[in-house]
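# An overview of the molecular structure
Read off the chains here:
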Amino acid sequence: MSQHCQVTEAAPSFGKSVSHSHRRTSRRFDPNIQRKRFYVPSLGRTVRLRVSVRGLRTIDRRGIEAVVAEIRARGEKI
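Residues numbered from 1 in each chain as written. Predicted model: local features only at pLDDT ≥ 70, side-chain atom pairs only at ≥ 80, totals over all residues. Heavy atoms only, no water.

Okay, the overall build of the protein next. Looking only at helices and strands, the protein has two helices and four strands in total. Reading the secondary structure of the protein in the N-to-C direction produces β-β-β-β-α-α. By the compact-globule yardstick of 12 Å for 78 residues, the protein is too spread out, its C-alpha radius of gyration being 16 Å. In terms of overall dimensions, the protein has C-alpha extents of about 55 × 20 × 15 Å along its principal axes. Per element, the accessible surface of the protein, about 5700 Å² overall, is 47% carbon and sulfur. The protein carries 18 positive and 6 negative side-chain charges, and their two centres are separated by 8 Å. (Helix = DSSP H or I, 4+ residues; strand = E, 2+ residues; numbered from the N terminus. Rg over C-alpha atoms; globule rule 2.2 N^0.38 Å. Areas by Shrake-Rupley, 256 points an atom, 1.4 Å probe, with all protein chains shown as cover. Lys, Arg positive; Asp, Glu negative; His and termini not counted. Charge placed at Lys NZ, Arg CZ, Asp CG, Glu CD.)

The geometry of two aromatic rings is summed up by the distance between their centres and the angle between their planes. Inspection of the entire model under this criterion finds zero aromatic pairs. The ring centre of Phe29 lies 3.8 Å from the NZ or CZ of Arg27, which sits over that ring. (Phe/Tyr/Trp six-rings, centres within 6.5 Å; stacked < 30°, edge-to-face > 60°. Lys NZ or Arg CZ within 6 Å of the ring centre and 35° of its normal.)

Now the structure itself:
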């Protein structure tokens, strides 16, 4: 669960590495997850979220209040 974005719900995806000789081996594509603290005025405290960099851009666009409300509506604990 550590490689999971709480905002965009991005999770690892899987695929194949292809060598020069065209042998295929399994590999994993991990999202760029960062652990960030945000101050949420409505809660009066800071919250710590595991977010991808795309999730950070989403927070910049929509605001932390809207994002936290959406996360809580999904039933995730913050």
